[in-house]
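# Descriptive analysis of the structure
Chain by chain, the residues run as shown.
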Amino acid sequence: METKEAQQRLKILQFFEKYGLHATIEAFGVSRRTLYRWKSTFEQNNKHITSLDSKSTKPKHLRVPTASKIIIDEIKKLRQKYPNIGKAKLHIMLKPWCKENDLSLPSESTIGRIIARDKNKMRLFPNCIDSKGRPKPKKKDIKNRKSKGLRSAPMHLWAVDTIQRVTAGMRRYIMTMIDPNSRIAFAVAIPTKHTTHTAKVLEALIDGLGYETSNNNQYAFLSDNGSEFQKEFDSLLQEKKLTHYWTYPRSPKMNAHNERFNRTIQEQFVDYYEDLLFSDIDLFNQEMANWLIDYNTKIPHHSLQMKTPVQYLVENNPQCQMLWTNTIG
């Protein structure tokens with residue numbers, strides 16, 4: 001896989017070949033030794049661009065942990081007695097014990113590394129009791145988290161979220177979806193955030209986009225850890241063989257594009273039609289659909305160089321024109 005760094009180095013080598021050593025050093029600030037090392041590596045690997053990628057800087061010889069098993073067991077014992085106590089407090093509490101047993105007191109950082117190396121991080125979780133007074137089994141829910149700097153093709157990743165509005169004790173929800181690449185967005189008001197409703201909205205979006213079954217692994221949905229995106233919602237994604245990314249708890253910035261769209265739709269539409277949301281949800285959805293058409297096709301966006309989402313999508317991704325010419329009415 002070609003990286004930006006490899007492409008930049010190839011560009012520098014091409015400049016070096018054309019304009020010479022001194023011009024290249026002056027233009028890019030690269031040393032003579034580095035230039036010839038890149039050139040030699042590039043030629044030895046049949047001029048394959050991936051050979052210009054940075055090599056791992058991991059040391060060949062790693063330090064081996066030397067913490068005594070007796071100290072590790074004592075730290076575990078203290079973490080069980082005082083659940084999940086931190087390394088700073090452990091450092092102070094271990095001091096008299098180490099002195100009594102004639103052992104070297106590990107530093108605060110060393111204690112932190114000992115805890116981090118443990119299989120379960122020496123964590124202790126309280127027992128949960130069900131309605132019949134029986135302890136619930138402890139399950140560690142491992143979720144597929146969105147990787148940092150994840151990039152996707154247009155219309156291949158959809159960030160989803162819900163907006164809650166409350167009036168006179170009544171609750172209504174708006175499920176929102178946005179493509180972070182083109183900013184094309186959709187939204188549907190639902191009476192509750194139960195997964196039966198969110199799954200229906202998701203299914204309508206998937207059917208409308210007409211994703212090919214053979215390429216479904218290329219498409220993904222990003223959501224927070226709310227209950228509305230579990231059970232039937234998550235099961236539908238698994239059934240359709242679509243990737244479901246989850247944000248980390250209390251990390252709204254991982255879904256920043258959708259959070260920003262939520263503010264826009266509330267300030268420009270929901271605040272003015274809130275009474276309709278509670279009195280006639282179907283009519284509210286019709287009005288919101290008209291607003292969304294304008295949002296996607298008429299209103300310019302600062303983040304898209306003052307172009308509309310559809311205009312930006314078509315101009316920068318010609319292959320996406322097929323999505324509009326072949327849309328099933």
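Predicted, not measured: the structure shown is a model, and the values here were computed from it. (Residues numbered from 1 in each chain as written. Predicted model: local features only at pLDDT ≥ 70, side-chain atom pairs only at ≥ 80, totals over all residues. Heavy atoms only, no water.)

## Things to note about the overall build of the protein chain
The test is simple: Counting from the N terminus, the helices are DSSP H or I runs at least four residues long and the strands are E runs at least two residues long. Restricting the calculation to C-alpha atoms gives the radius of gyration, and the globule rule supplies 2.2 Å times the number of residues raised to the power 0.38. Three exposure classes are used, based on accessible area relative to the maximum for each residue type with a 1.4 Å probe and protein chains only: buried under 20%, partly exposed in between, and exposed over 50%. When checking whether two residues touch, look at their non-hydrogen atoms; a contact exists if any pair is within 4.5 Å. Values of accessible area rely on a 1.4 Å probe in the Shrake-Rupley scheme; residue burial ignores everything except the protein chains shown. His is not counted, nor are the chain ends; Lys and Arg add positive charge and Asp and Glu add negative charge. Every charge is mapped to an atom, namely NZ of Lys, CZ of Arg, CG of Asp or CD of Glu.
Check the secondary structure of the protein chain and you find 12 helices and five strands. Taking 20 Å as the expected radius of gyration for a compact globule of 329 residues, we find that the protein chain reaches 28 Å, considerably beyond that expectation. Each of the 329 residues in the protein chain was classed as buried or not, and the buried ones make up 35%. For the protein chain, long-range pairs separated by at least 24 residues make up 55% of all intrachain contacts whose partners lie at least 6 apart in sequence. When the accessible area of the protein chain is evaluated, it comes to approximately 21900 Å², of which 51% is carbon and sulfur surface. Of note, the protein chain has its 53 positive side-chain charges centred 11 Å away from the centre of its 34 negative side-chain charges.

## A short note on the packing of helix α4 (residues 69–81) against helix α5 (residues 87–100)
The line we're drawing: Only the contacting stretch of a helix is used when fitting its axis, a line to C-alpha atoms as for every element, and angles between N-to-C directions run 0 to 180 degrees. Orientation is classified from the angle alone, with under 35 degrees giving roughly parallel, over 145 giving roughly antiparallel, 65 to 115 giving roughly perpendicular, and any other angle giving oblique. In this scheme the handedness of a crossing depends on how the near helix is turned from the far one: anticlockwise by less than a right angle means left-handed, clockwise means right-handed. Residues are sorted three ways: Asp, Glu, Lys and Arg are charged, Ala, Val, Leu, Ile, Met, Phe, Trp, Tyr, Cys and Pro are nonpolar, and all the rest, Gly among them, are polar.
Where α4 contacts α5, the two axes come as close as 11 Å, and the packing angle between them is 125°. Judged by the angle between their axes, α4 and α5 are oblique. Between α4 and α5 lies a crossing of right-handed hand. Touching Ile70, Ile71, Glu74, Ile75, Leu78 and Arg79 of α4 are Leu90, Met93, Leu94 and Trp97, all from α5. Classifying every residue of the contact of α4 with α5 gives eight nonpolar, no polar and two charged.

## Regarding the pattern of salt bridges
Convention followed: When a carboxyl oxygen of Asp or Glu is within 4 Å of a side-chain nitrogen of Lys or Arg, the pair counts as a salt bridge.
Across all of its chains, the model carries eight salt bridges by this definition. Of the charged contacts, one joins Asp73 and Lys69 as a salt bridge, the two residues approaching to 3.1 Å between their closest N and O atoms. Of the two residues, Asp73 and Lys69 both sit in helix α4, four residues apart, roughly one turn of that helix. Looking at Asp73, the relative accessible area reads 36%, which means it is partly exposed.

## Quick notes on α5
Side chains three or four residues apart in an α-helix point the same way, a direct result of the helix having 3.6 residues per turn. For clarity, the threshold we go by: One fewer than the residue count of a helix, multiplied by 1.5 Å, yields its expected span.
Between the first and last C-alpha of α5 there are 20 Å, a value that for 14 residues agrees with the 20 Å anticipated at 1.5 Å per step. Looking only at α5, the buried set comprises Leu90, Leu94, Trp97 and Cys98. Summarising the contacts, the buried residues of α5 are in contact with α4 and α6 (108–117). Phi for Asp102, located one or two positions after α5, is positive at around 55°.

## Considerations on the packing of aromatic side chains
Test applied: Between rings of Phe, Tyr and Trp, where Trp is taken as its six-membered ring, a pair exists when centres lie within 6.5 Å; planes separated by under 30 degrees are stacked, by over 60 edge-to-face, and by other angles tilted. Geometrically, a charge over a ring is one whose NZ (Lys) or CZ (Arg) sits within 6 Å of the ring centre while staying within 35 degrees of the ring normal.
Considering all chains together, one arrives at 10 aromatic pairs under this definition. One aromatic cluster is present, formed by Phe261, Phe269, Tyr273, Phe284, Trp291 and Tyr295 through successive ring pairs. A cation sits over an aromatic face here: Lys143 above Trp246, 4.2 Å from the ring centre.

## Description of α6
For the record, the criterion: Starting at the helix axis, one direction is taken to each C-beta atom, and the arc is that of these directions.
Regarding α6, the residues found buried are Ile111, Gly112, Ile114 and Ile115. Down the axis of α6, the buried set is contained in an arc of 160°. They therefore lie on one face. Looking at the buried side of α6, the elements it contacts are α4 and α5.

## A look at the pairing of strand β2 (residues 170–178)
Heads up, the rule is: Here, strands pair whenever DSSP counts at least two bridges between them.
Summarising burial for β2: seven of the nine residues are buried, a large majority. Bridge count for strand β1 (residues 157–167) against β2 is nine bridges, and the pairing is antiparallel. Within β2, the residue paired with Thr162 across the bridge is Met175. Hairpin connection between β1 and β2: a loop of two residues separates the two successive antiparallel strands, and Ala168 in this loop has a positive phi of roughly 50°. Strand direction decides the pairing type here: β2 and strand β3 (residues 185–190), joined by six bridges, are antiparallel.

## Considering the environment of Ser54
What counts is decided by this rule: Counting of polar contacts relies on pairs of N or O atoms within 3.5 Å, with two restrictions inside protein: one atom must be capable of donating a hydrogen and the other of accepting it, and residues adjacent in sequence are counted only when both atoms are side-chain atoms.
With respect to the helices, strands and loops of the structure, Ser54 is situated in the loop between α3 (32–44) and α4. With 48 residues separating them along the chain, Ser54 and Ala6 place their C-alpha atoms 7.8 Å apart. A polar atom in the side chain of Ser54 sits 2.5 Å from the side chain of Glu5. There is a polar contact of 3.2 Å between the side chain of Ser54 and the side chain of Arg9.

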